[in-house]
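One letter stands for each residue in the lines below.
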Amino acid sequence: MRSEAYLLEMKDIVKTFPGVRALDHVSFRVRQGEIHCLVGENGAGKSTLMKVLSGVYPHGAYEGEIVYKGREAVFRGIADSEKAGIAVIYQELAQFPELTVCENLFIGHEIMKGNGARIDWPASLRRAEELLLRVRLRVDPSVKIKRLGVGKRQLIEIAKALSKNVGLLVLDEPTAALNDDDSANLLNLLRELKLQGVTCVLISHKLREVLSLADTVTILRDGAVVRSLDARAGKLAQRDIIRHMVGRAIDDIYPKRNKSVPGEVCLSLKGWTVYDPATEREILHQVSLSVRRGEIVGLAGLMGAGRTELALSLFGNTPAYKITSGELEVKGKTARFTHPKQAIRMGLAYVTEDRKRNGLVLIQDIRFNITLAALRDLVKGLAVDRQAELRAANEYKEAVGIRAPSVRQLVGNLSGGNQQKTSLSKWLFARPDILILDEPTRGIDVGAKFEIYQLMNRLVEQGMSILMISSELLEILGMSDRVYVMAEGRIVGETPACDATEQIVMAMATNAQEASA
Amino acid sequence: MNAQTAAPRGEARSRLDGLRAALRGNVREYAMYIALVVIFVVSGVATKGLFLSPRNLTDLIKQTGYVAVLAIGMTVVLIIRHIDLSVGYVAGFMGAMSAKLLTNGFPIYAVIPIVLAIGAAIGAYQGFLVSRVHVPAFVTTLAGMFIFRGLLSLVTAGTGTIIVRDEAFRALSNGFIPQIFEGSRHWLTFIIGLACAAVLAAVKIRARRNESRAGSSVSPALLFIFQMALFTSVILTAAWILSGYRGLPWTAAIVAAVLLSVNFVLTQTRFGRSVYAIGGNPEAAELSGIDVAKVTFIVFCGMSMFASLAGVLYTSRLSSATPTAGLGFEMDAIASSYIGGVAVSGGVGKVTNTLVGALVIMSLTNSMNLLGVDISYQYVVKGVIFIVAVAFDILSRRRA
């Protein structure tokens, strides 16, 4: 490593957000011409690091130094990093579906005719064909982007980067949305580009592809680099990487619960297969699971494994997925909900992953939000009984421990933890039998987390069933009775929480193909 | 918030800060009242008192009637983040329908329910497109503008302007509530004014007590008393002036009925909660079990029904249905709602404030008519007031 030339050196990068240190003195070095894989749990800081690199967080918004091609780089925005030859391709492609492949390739840096006033279409098309050839893609450059699948779009994005004479190509989970063929195709292309001298940073959750491709693997955890490992000798094994990705002890951040024998099955799902017309993909394949009375069932997996889609498809199916097959039973009765109101009536509740986007009405007060899902219970005659409503809101505010001067406080002014508690209260007020929690402690402080864990324990002791989706392995292991692991829209494993370790769960989540084969 | 930091510096100072905080919190609402007062004072002076004469104030109420009804419906539509551009021609078309039905011998007690029912059906058609087919409301109701403008021409095609002779129908906008006491003054009007003032004060005091019991900060007592004194004296003054002329117009009673019922639905019922929840965050509303499509559908039905009622009021005031009735009504209705404080981003708005917004727009119109201001300038002035109100609203929300 010593004498080799580094294309990129990021030194001692510190990036803080209000209340969190997302990157804690991270040093990251990429050699000229290598494929460097960046791995880590969700929230480990991979994407933040790449955003620092690309100028999304401009120079001055972080501490530390970036040296690119031997010179200190000061990027004030994405335009600066692009000019320097750094191209970042995100998972969510920034493309224009209604424009053609050719138009997409050159958007923002069109090829102009001599006088510079008009676009030179014939030259653009010729250049587009060259670029498509380089990424081994056989499509007509005048076809609209929306007609192509995700795999091909991904390649076009790479072609676009190549057209700008890219020096460093960063791919953020490029294969997450691809099928096996498209993935293999993409990985081959990356190998070819490497031979042509393109340096590449690849963020991936799929350790198998990481090992087949990487020269170096850097592992991030909790915003810090744990280790950079040389993968060229072929001695690196998946379990080594997993050990570094996790490897913390469960301290007593998870309150103890009197585990009683769980009761009858409350929620059962068999062969649940769901197709998403919007992305034209089957997003869930033959998912089967069950939750018993008085049980906390954890649903682990990495981002994009299909857990939120699973929750939404069974809770009233709001984004209009097509449930192609499968059977849902709630408290012994077959059900299929077409609107969340039906699910609520059957005793389900779903605390959403993103409380600001689809959990709370931020411009209304705590009282309004708490009673929203079960206002029916407060109606007397024609009108809502506002005194009773106020009492109920105050009662839940106390019970759940929402810290605010009064229930008339606007939810938008509360801290993340208190917002989350409000969101929880809303569903507890609806008195559900089955509570689905989607990332219940994301973005909230440790104290609020603990209170939410205690509350969850109280609820299951009272006979509620909880299905908890979480990307935090420790939370899954610390809170659940039983754990399902999902990857790529499938259940890839089930285990009692007491037998599971982080390594086991992470291996299941990252080894999807092997496990399901 | 300021009161806490100021506490050590003395009681008087903290009270002043509290007052300032309360004023700042509601700056938007006060601005609207101040604008109305300024319009009244300036118009009164400019017209040498003619604007404030009992006769003109009565006219102002009659003129405001149909706009207020439209604006109240529009407020609900805007709260759920939609818009209805078709209300003007729906009003024109349904006004002409009512005239046609009356001239064909239908009695008024049949005509009004029929017209309101057709209005609701029009709303059902537009609501279906918006809520189920997901055609944007802007497009759906723009198409509605074409359609109902055409239908209005069709209804009035043979006859041109349809004259309405039915006395009861004309009284809807031109009549007054009956006189029951002897004397030159219309005492019943004044008694109603007194009752309104008393009820308003009682409701406000009770609401304030409940609020403070709920633990939310209420405006300082002094400010509250001042507000109440102002409101009741305005109501009593208006009642006194009206009772000195011919009394309370039926229009005012109809608008009051519409206002109170919509206000009840919005503030007291589950449906009203759904409306505000959808306006605040439609995705969260849907996931909380609110049937967003159904609520949207009902709101559009109600809107077109109110448009029909507005058409009836307008036709009644002119005692005739003209082929151009309804032109630009939607502009006044939308402007009234926004001046009344509906947020452009949805989720926020009160129909009581919308009524004040409608009064702002119509007293401007009335006053400029008295002053003989050319209609071209009138549009410009109204447009400027409208955009200033909305820009001010956005700025004050951003700071809050």
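For clarity, every value in this text was computed on a predicted model and none was experimentally measured. (Residues numbered from 1 in each chain as written. Chains lettered and ligands numbered in written order. Predicted model: local features only at pLDDT ≥ 70, side-chain atom pairs only at ≥ 80, totals over all residues. Heavy atoms only, no water.)

Draft legend 1. Main features of the overall build of chain B. A tally of helices and strands in chain B yields 17 helices and two strands. Here chain B has a C-alpha radius of gyration of 22 Å; the compact-globule value for 400 residues is 21 Å, and the two agree. When its C-alpha atoms are laid out on the principal axes, chain B stretches across 80 × 60 × 40 Å. By the burial criterion, 50% of the 400 residues in chain B qualify as buried. A separation threshold of at least 6 residues defines the contact pool for chain B, and within that pool the share at least 24 residues apart is 78%. (Helix = DSSP H or I, 4+ residues; strand = E, 2+ residues; numbered from the N terminus. Rg over C-alpha atoms; globule rule 2.2 N^0.38 Å. Buried < 20%, exposed > 50% of the residue type's maximum accessible area, 1.4 Å probe, protein only. Contact = heavy atoms within 4.5 Å.)

Draft legend 2. Spatial organisation of the interface of chain B and chain A. Every contact between the two is made by 28 residues of chain B and, on the other side, 37 residues of chain A. In total, about 2,600 Å² of surface goes out of reach between chain B and chain A, with carbon and sulfur atoms giving 55% of it. When the buried surface of chain B facing chain A is broken down by residue, B:Arg270, B:Arg273 and B:Leu287 rank first, second and third, together holding 31% of it. Counting across the chain B and chain A interface gives three salt bridges. As a salt-bridge pair, B:Asp291 and A:Lys341 come within 2.7 Å of each other at their nearest N and O atoms. At the junction of chain B with chain A, the criterion picks out 10 residue pairs in polar contact (both at pLDDT 80 or more). Mapped by element, the contributors of at least two residues to the side of chain B that touches chain A are helix H9 (187-213), helix H11 (250-268), helix H12 (270-280) and helix H13 (282-287) of chain B. For the side of chain B that touches chain A, the element with the highest residue contribution is H12(B), accounting for five residues. (Buried area = accessible area lost by both parts, 1.4 Å probe. Salt bridge = Lys/Arg side-chain N within 4 Å of Asp/Glu carboxyl O. Polar contact = N/O pair within 3.5 Å; in protein donor to acceptor, adjacent residues only side chain to side chain.)

Draft legend 3. Local environment of the nonpolar core. B:Tyr66, B:Val69, B:Leu70, B:Val262, B:Leu266 and B:Val275 are the most contacted members of the largest nonpolar core, which totals 90 residues. For this core, the element with the most residues is helix H4 (residues 54-79) of chain B, which contributes 13 residues. Apart from the residues lying within four places of it in its own chain, the contact partners of B:Leu266 are B:Val76, B:Ile79, B:Gly272, B:Arg273, B:Val275, B:Tyr276 and B:Val351. One finds A:Ile344, A:Leu435, A:Ile444 and A:Leu455 within the second-largest nonpolar core, a separate group that totals 79 residues. (Core = buried A, V, L, I, M, F, W, Y, C linked by side-chain atoms within 4.5 Å.)

Draft legend 4. Examining the sheet that holds strand E19 (residues 434-438) of chain A more closely. Residue and element names in this part refer to chain A. Taken in spatial order, the six strands make up an open sheet running E16-E19-E20-E13-E21-E22, and their pairing is mixed. Strand pairing shows two members of the sheet lacking a second neighbour, strand E16 (348-351) and strand E22 (490-496), which therefore form its edges. Put simply, the sheet's adjacent strands are angled 20° from each other on average, direction ignored. Pairing between strand E13 (residues 296-301) and strand E20 (residues 465-469): four bridges, direction parallel. Each bridged residue has a counterpart across the sheet, and for Gly298 the counterpart in E20 is Met468. Contacts from helix H17 (residues 502-510) reach E13, strand E21 (482-487) and E22 within the one sheet, and its direction differs from that of E21 by about 30°. (Pairing = 2+ DSSP bridges. Axes fitted to C-alpha atoms, helices over the stretch in contact; angles between N-to-C directions.)

Draft legend 5. Looking closely at H11(B). Residues and elements named next belong to chain B. Taking 1.5 Å as the rise per residue, H11 with 19 residues should run 27 Å; its terminal C-alpha atoms sit 26 Å apart, in good agreement. Buried residues of H11: Thr251, Ala252, Ile254, Val255, Val258, Leu259, Val262 and Leu266, and no others. One side of H11 holds all its buried residues, which, seen down the axis, span an arc of 160°. (Expected span 1.5 Å × (residues − 1). Arc of directions from axis to C-beta.)

Draft legend 6. Spatial organisation of the environment of A:Asn457. Residue and element names in this part refer to chain A. By secondary structure assignment, the location of Asn457 is in helix H15 (residues 446-461). Note on Asn457: relative accessible area 5%, which makes it buried. Considering only alpha carbons, one finds Asn457 and Ile296, 161 residues apart in sequence, at a separation of 8.6 Å. Apart from the residues within four sequence positions on either side, Asn457 is in contact with Pro255, Lys256, Arg257, Ile296 and Met479.

Draft legend 7. Structural view of unusual backbone geometry. Look at A:Arg431: it is not a glycine, yet its phi comes out positive at around 45°. Structurally, A:Arg431 can be placed in the loop between helix H14 (416-429) and E19. With a relative accessible area of 56%, A:Arg431 lands in the exposed category. In this structure, B:Ser319 is a non-glycine residue whose phi angle is positive, near 55°. Following the sequence through the fold, B:Ser319 ends up in the loop between helix H14 (292-318) and strand E2 (320-321). Judged by relative accessible area, which is 12%, B:Ser319 ranks as buried.

Draft legend 8. Representation of helix H8 (residues 238-245) of chain A. For H8(A), the full list of buried residues reads A:Gln238, A:Ile241, A:Ile242, A:His244 and A:Met245. An end-on view of H8(A) places all buried positions within 165° of arc, on one side of the element.

Draft legend 9. Just the sheet that holds strand E10 (residues 224-230) of chain A, in detail. All names here are of chain A. Taken in spatial order, the six strands make up an open sheet running E6-E7-E8-E3-E9-E10, and their pairing is mixed. Single-partner strands in this sheet number two, and they are strand E6 (86-89) and E10. Sheet twist, expressed as the mean angle between neighbouring strand axes with direction ignored, is 15°. For strand E3 (residues 35-39) and strand E9 (residues 216-221), the ladder comprises four bridges, and the chain directions are parallel. Opposite Cys37, over in E9, you have Val217 as the bridge partner.

Draft legend 10. Focus on the packing of H9(B) against helix H10 (residues 221-243) of chain B. Residues and elements named next belong to chain B. For the pair H9 and H10, the least separation of the axes is 8 Å and the interaxial angle reads 165°. Relative to H10, H9 is oriented roughly antiparallel. Handedness of the crossing formed by H9 with H10: right-handed. The residues of H10 that touch H9, namely those facing Trp187, Thr189, Phe190, Gly193, Leu194, Cys196, Ala197, Leu200, Ala201, Lys204, Ile205 and Arg208, are Ala221, Phe224, Met228, Phe231, Thr232, Ile235, Leu236, Ala239, Trp240, Leu242 and Ser243. Class assignment for the residues of the contact of H9 with H10 results in 17 nonpolar, four polar and two charged. (Parallel < 35°, antiparallel > 145°, perpendicular 65-115°, else oblique. Left-handed = near helix turned anticlockwise from the far one by under 90°. Nonpolar A, V, L, I, M, F, W, Y, C, P; charged D, E, K, R; others polar.)

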